[in-house]
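Survey of secondary and tertiary structure
What follows is each chain in one-letter form.
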Amino acid sequence: MGIDGNTIKLLRIPFSFFLMPLFLFAYSQADTVVHHHALFAFLIIHLLIYPASNGYNSYVDKDEESVGGLEKPPMPTAALFYLTMFLDFTAIVLAFLFVNTLFAFCLVLYIAASRAYSSRQIRLKRYPVIGFLTVVIFQGAFTYYMSIAGVSESALMLSREHIYVLLACSFQIAGAYPLTQVYQHQQDLKDGVVTLSYKLGYRGTFLFTAAMFLLCNVFYYLYFTSKGLGMVFYIIQVFFLPIVLYFGYWFYLVLKDRSEANFRNTMRMNWIAAICMNSCFIILIVINRIPLSYISAIETAVPEHCYSQETLTSFYMNSTEDITNKRKIKIVAGKTGIANRYSVIADFDKAPEDYQFFNKTATLLPEPTLTQRMQLYQQHATKLSISAIKKIDGFAEMKGRLTHLITVTCTGLFAPGLDVELMRELDLNPAIQRSSVNFMGCNAAIIALKNADAICRSQPRAKVLIVCTELCTIHFQKRYNDDYLLSNLIFGDGAAAVLVTAEAGSDYAHHVEIDAFNSLILHNGYADMAWQLSETGFIMNLTSYVPDLIRKNIKPMLEKIGLAPDAFKHWAVHPGGKRIVDDFVAALELDKGCLAATYDVLRNFGNMSSPTVLFVLKQVLETAKPENIGNRIFAAAFGPGLSIETMQLRYV
């Protein structure tokens, strides 16, 4: 029994275009997308399932007058029936082989509902309400659910926002379906089918459609606003406007002349609606699938030894007999704004005879060598890093999916390095791509975030783990010049782990999207912040001119890149020192409350070099409120050179 052109025509394959919007919408909204599975799911639904359903309906009904997609349908033959069975069977097999079991099971249910709707034995379509609900549920909410299963390989969790979107999809079909029946009243009656459109009448059908589309929009609004994407709802309204305008015009024609409720006007309505909705959802796909980067988690850790600033000041003062040096140490310590700092060294509150790292004399001489300091770094850096990493929610389950590892440090070096140690200790994928940002000082975390941002924007499924670990106190030096009065009295130890992902997802009140980065090198501050190796450790140059350089240059820098301070509601500024923070506030004419997190981190931890700005940013993100949606965050840190690194983020 051959398959001729008329049999193919009755499959009404082009009609799938009118049913495409829900799949495209599901594709745009899926949290994860397996693209090759999504392609198979699309082809299976639109080239096999929908045509088979159309063909079976035509075979059973044997329409003599116009039917959706065909103004003059040919008479079906038995070949059409066998072809629909073949298409259904092929669809299910392909779904099992090339998509997933859940999607295949959904297809079976969809086919069963479609056959129950049309078959002479059950014939749900002859019941106005039951037939209507069958179409609304299976071509609306169920199709969205089935499409998500095909696109993302996972079931749609029935959260509040997902219930909203399922209802929106069903009301969308509830509005469209009666209009497709409005010209078929007489033909349906001949076949013993009483449709909801016939029950409502011509005027009632249009009014009912308007009510259903209104409800559809209500649930679209609830869905997008619950996700913090209210702007997307208004974008959709722009595309829906031509549909509403033509619908109103057509209703006006039907009120004047019922013969206008005909096949051609119905098809015009279908084409306008399908073109507008498909275009809209394709744009949503483009918007949602453009690779972006998000901060999904920030966790921090400090060593077990916590010292008050008074304790650390006393230790420093006890290292010299010079009264002038003692007085200078006490004066500078009182101006730091620091209450506590942490260290991996256990000596700072002990008597000299109990020292474990420093020489057991009050003078600390001879000082620990660079070798000893690096041994202490290697002993503690990995452990402290892991303490921060393991605080990331669900890290054990996600670690196998990490694609990149970036380690950041300027206070210690060894090989194989911190990155390899973390891979070994955490059992990370041995093929993970790794890199290091070394010896770049306090703003290195933002440089690492810049690298992670570039990775995520180029690799849609990237998950980048950044680990910043600094043991600044192991470089305590028995020096009393102005540079070391500052560095010995402000630096502490700490670590921060940041998860940067190409797909939004976090436990914060809102997703945190990385927006932009900007850099500035102040060559006239070349020697004012520097970091050098010596036989007894790392030597820090940190002059009192640094705050002045930042104060004079931060506002011109923002003006040059077109940023106004009042455009930012939240600030995460590296607390390089109290004067630096005070001068930053003064230069941009900010209220000190804007930098509350910065002052808080400085008071409780001191300056830990690269992780410090992440301690501040963590505190800012964890205090976000629902009403902060859309607000922008400005982060800044300062490093050797003198260099200023800034980052802009947004709550989305």
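Because the structure is a prediction, the values reported are computed rather than measured.

**Focus on the packing of helix α19 (residues 546-560) against helix α20 (residues 578-587)**
The geometry of α19 relative to α20 is characterised by a closest axis approach of 9 Å and an angle of 25° between their N-to-C directions. Regarding the angle of α19 to α20, the classification is roughly parallel. Between α19 and α20 lies a crossing of right-handed hand. In this structure, α19 uses Val546, Pro547, Asp548, Ile550, Arg551, Ile554 and Lys555 to contact α20, whose residues at the interface are Arg579, Ile580, Asp583, Phe584 and Ala587. For the contact of α19 with α20, the class distribution of residues is seven nonpolar, no polar and five charged.

**Looking at unusual backbone geometry**
Each neighbour pair has its own omega, and for Leu365 with Pro366 the value is -10°, a cis peptide bond. With respect to the helices and strands, Pro366 occurs in the loop between β3 (340-343) and α14 (370-389). Here the residue pair Ala415 and Pro416 is connected by a cis peptide bond, since its omega of -5° sits within 30 degrees of zero. Structurally, Pro416 is set in the loop between β4 (404-409) and α16 (418-426). Not every positive phi belongs to a glycine, and Arg12 is a case in point at roughly 50°.

**What about a nonpolar patch on the surface?**
On the surface, Ile3, Ile8, Ile13, Leu39, Leu43 and Leu47 cluster together to form a nonpolar patch covering roughly 510 Å² of accessible area. Per-element accounting of the nonpolar patch gives the leading share, three residues, to helix α3 (residues 35-61). Within the element layout of this structure, Ile8 appears in helix α1 (residues 5-9). Using a relative accessible area of 41% as the deciding quantity, one classes Ile8 as partly exposed.

**Re the sheet that holds strand β13 (residues 643-651)**
Spatially, nine strands are ordered β5-β4-β6-β7-β1-β8-β13-β12-β11 in an open sheet, and the strand pairing comes out mixed. The strands lining the two open edges of the sheet, one partner per strand, are β5 (433-438) and β11 (570-573). On average, each strand axis in the sheet is inclined to that of its neighbour by 25°, with strand direction left out of account. Pairing between β4 and strand β6 (residues 463-471): five bridges, direction parallel. Bridge pairing in β6 places His404 opposite Val464. The strands touched by α16 are β4, β5 and β6; relative to β4, the strand with the most contacts, the crossing angle is about 130°.

**Remarks on the packing of aromatic side chains**
Applying the stated criterion to the full structure yields 51 aromatic pairs. Considering the side-chain rings of Phe25 and Tyr223, the 6.4 Å spacing of their centres and the 75° angle between planes classify their relative orientation as edge-to-face. Here Phe25, found in helix α2 (residues 21-29), pairs with Tyr223, found in helix α9 (residues 196-226); they are 198 residues apart in sequence, far enough to count as distant. Pair check on accessibility: Phe25 and Tyr223 agree, each one buried. Relative to Tyr82, the ring of Phe81 has its centre 5.4 Å away and its plane inclined at 75°; by these criteria the two rings are edge-to-face. With a relative accessible area of 25%, Phe81 lands in the partly exposed category. Residue Tyr82 is classed as exposed on the basis of its relative accessible area, which comes to 54%. The structure contains a cluster of three or more aromatic residues connected by ring pairs, namely Tyr307, Phe315, Tyr316, Phe348, Tyr355, Phe357, Phe358, Phe476 and Tyr480. Directly above the ring of Tyr59 sits Lys62, whose terminal nitrogen or CZ lies 4.4 Å from the centroid. Here the basic side chain of Arg115 rests over the ring of Tyr56, its NZ or CZ set 4.7 Å away from the ring centre.

Conventions adopted
- Residues numbered from 1 in each chain as written.
- Predicted model: local features only at pLDDT ≥ 70, side-chain atom pairs only at ≥ 80, totals over all residues.
- Heavy atoms only, no water.
- Axes fitted to C-alpha atoms, helices over the stretch in contact; angles between N-to-C directions.
- Helix = DSSP H or I, 4+ residues; strand = E, 2+ residues; numbered from the N terminus.
- Parallel < 35°, antiparallel > 145°, perpendicular 65-115°, else oblique.
- Left-handed = near helix turned anticlockwise from the far one by under 90°.
- Contact = heavy atoms within 4.5 Å.
- Nonpolar A, V, L, I, M, F, W, Y, C, P; charged D, E, K, R; others polar.
- Patch = residues over 30% accessible without salt bridge, like charges linked within 9 Å, V, L, I, M, F, W, Y side chains within 5 Å.
- Areas by Shrake-Rupley, 256 points an atom, 1.4 Å probe, with all protein chains shown as cover.
- Salt bridge = Lys/Arg side-chain N within 4 Å of Asp/Glu carboxyl O.
- Buried < 20%, exposed > 50% of the residue type's maximum accessible area, 1.4 Å probe, protein only.
- Pairing = 2+ DSSP bridges.
- Phe/Tyr/Trp six-rings, centres within 6.5 Å; stacked < 30°, edge-to-face > 60°.
- Lys NZ or Arg CZ within 6 Å of the ring centre and 35° of its normal.

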